[in-house]
Amino acid sequence: RSEVVQLYKSKGINGMRIYYPDKEALNALRNSGIALILDVGGFDTVSYLAASSSNAAAWVRDNVRPYYPAVNIRYIAVGNEVEGGATNSILPAIRNVNSALASSGLGAIKASTAVKFDVISNSYPPSAGVFRDAYMKDIARYLASTGAPLLANVYPYFAYRGNPRDISLNYATFQPGTTVRDPNNGLTYTNLFDAMVDAVYAALEKAGAGNVKVVVSESGWPSAGGFGASVDNARAYNQGLIDHVGRGTPKRPGPLEAYIFAMFNENQKNGDPTERNFGLFYPNKSPVYPIRF
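If you're wondering where the values come from, they're calculated on a predicted model, not measured in any experiment.

Undergrad: Would you take a moment to explain the overall build of the protein for this structure?
TA: Looking only at helices and strands, one finds 10 helices and 11 strands in the protein. For a compact globule of 293 residues, the expected C-alpha radius of gyration is about 19 Å, and the protein comes in at 19 Å, within 12% of that figure. Projecting the C-alpha coordinates of the protein onto the three principal axes gives extents of approximately 55 × 45 × 35 Å. Burial status across the protein gives 52% buried among its 293 residues. Put simply, 64% of the contacts in the protein that link residues at least 6 apart link residues at least 24 apart. On the protein, the mean spot of the 28 positive side-chain charges and the mean spot of the 23 negative ones are 5 Å from each other.

Written out as structure tokens, the structure is:
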């Protein structure tokens, strides 16, 4: 894992997300300066954290306190794309983690949750974006009270794959040629990523949480394994994303914090073949395609 940290540093990558508190990874990150999104782990952990404040205190004691501030933990993601009945556990779990952080003197670390884009309905035009379910409005308002961002996984690839008739490949991959105007506010969009992020901002405003910023906790494009998945498209999208996020979106200009999924191809992952091909690098650390950070 220290090799991975060296690879990040050699490429000038200053942010990382890990999906559970892997002790070896956390130790390798000590004094690296790399900002970290630390996920708590799967749905079981989210319900464990929601069940009691003492559970959350124990989790923070074991997984955060031994590493911070030597490890630059910026956000704790309490659940990733939680669905179904488990969504009721997210807010109590975030609350319990927040109070555990505060009582340990770790209040600088913000607890949030990472959501799939489909928590938004009416995403076109972007200004029509609204949260599909009441639980998201409650989470948004709570994040507004703590100053934490909403972590959003934003994938133009899946939107394009689902509707290639109406969404052009250029628009989905940051290539010139398409401009879309939002009739409600006159903002113009030249790429789908901005339109999706601004739909999340519109939903936050409608929930009474307009001051919550969005951190894009995952975005990427597969280089193989399915419709529209090619090395050229993946390179165009990910290079476009890297070059673009410093400018922000039409609704929220200024730097946008974003994390590319994923650093490595996951050759043992199950499910859709594209899932094994989101990496910028092969497991042996050679690049899948050239990219500038």
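Undergrad: Even after reading the chapter, I still don't get the side chain of Ser223, so can you show me in this structure?
TA: By secondary structure assignment, the location of Ser223 is in the loop between strand 10 (214-219) and helix 10 (231-244). When residues no more than four places from it in sequence are discounted, the contact partners of Ser223 are Ala229, Ser230, Val231, Ala234, Asn277, Val288 and Tyr289.

Undergrad: In this structure, what is going on with the nonpolar core? I would like to understand it.
TA: Nonpolar side chains in soluble globular proteins generally cluster together in the buried interior. Within the largest apolar cluster, 93 residues are counted, with the highest numbers of intra-cluster contacts made by Val64, Ile76, Phe131, Phe193 and Leu204. For Phe193, the residues in contact, after removing those within four places along its chain, are Val154, Pro156, Phe174, Val216, Ser219, Tyr237, Leu241, His244, Val245 and Leu256.

Undergrad: Where do I start with the packing of aromatic side chains in this structure?
TA: The geometry of an aromatic ring pair comes down to the distance between the two centres and the angle between the two planes. Within this structure, the stated rule accounts for 14 aromatic pairs. Each ring, one from Phe158 and one from Phe278, has its centre 6.1 Å from the other, and the planes form 40°; the classification is tilted. Taken together, the positions of Phe158 in helix 7 (residues 156-162) and Phe278 in the segment after strand 11 (258-260) put the pair 120 residues apart, joining distant regions of the chain. Note on Phe158: relative accessible area 32%, which makes it partly exposed. Owing to a relative accessible area of 2%, Phe278 belongs among the buried residues under this scheme. A network of ring pairs unites the aromatic residues Tyr19, Tyr155, Tyr157, Phe158, Tyr160, Phe174, Phe193, Trp221, Phe227, Tyr237, Phe261 and Phe278 as a single cluster. The aromatic ring of Tyr201 is capped on one face by Arg252, whose charged end is 4.4 Å from the ring centroid.

Undergrad: Would you take a moment to explain helix 10 for this structure?
TA: Note that an α-helix has 3.6 residues per turn; residues three or four places apart therefore point the same way. With 14 residues, helix 10 ought to run about 20 Å at 1.5 Å a step, and its terminal C-alpha atoms sit 19 Å apart, in line with that. On its buried face, helix 10 is in contact with helix 7, helix 8 (169-172), helix 9 (192-206), strand 10 and strand 11.

Rules behind the numbers
Along each chain, the written sequence defines residue order, and numbers are assigned to residues from 1. Side-chain atom pairs in this predicted model are given and counted only at pLDDT of 80 or more, local residue features only at pLDDT of at least 70, and totals for whole chains, interfaces and linings cover all residues. Only hydrogens and water are removed before side-chain values are computed, so all heavy atoms of the structure are retained for them. Here a strand is any run of E in DSSP of at least two residues, a helix any run of H or I of at least four, and the numbering for each starts at the N terminus. Each radius of gyration is computed over the set of C-alpha atoms, and the globule rule expresses the reference value as 2.2 Å times the number of residues to the power 0.38. Only protein chains enter the area calculation, which uses a 1.4 Å probe; residues under 20% of their type maximum are buried, those over 50% are exposed, and those in between are partly exposed. Note on definitions: a residue-residue contact is assigned when non-hydrogen atoms from the two residues lie within 4.5 Å. His is not counted here, nor are the chain ends, while Lys and Arg score as positive and Asp and Glu score as negative. Lys charges are placed at NZ, Arg charges at CZ, Asp charges at CG and Glu charges at CD. By nonpolar core we mean a set of buried residues, namely Ala, Val, Leu, Ile, Met, Phe, Trp, Tyr and Cys, connected to one another through side-chain atoms within 4.5 Å. Stacked, tilted and edge-to-face are the three classes applied to pairs of Phe, Tyr and Trp rings, where Trp contributes its six-membered ring and a pair requires centres within 6.5 Å; stacked means planes under 30 degrees apart, edge-to-face means over 60, and tilted covers the rest. Whether a charge sits over a ring depends on NZ of Lys or CZ of Arg being within 6 Å of the ring centre and within 35 degrees of the ring normal. Here, expected helix span is obtained from the residue count minus one, scaled by 1.5 Å.

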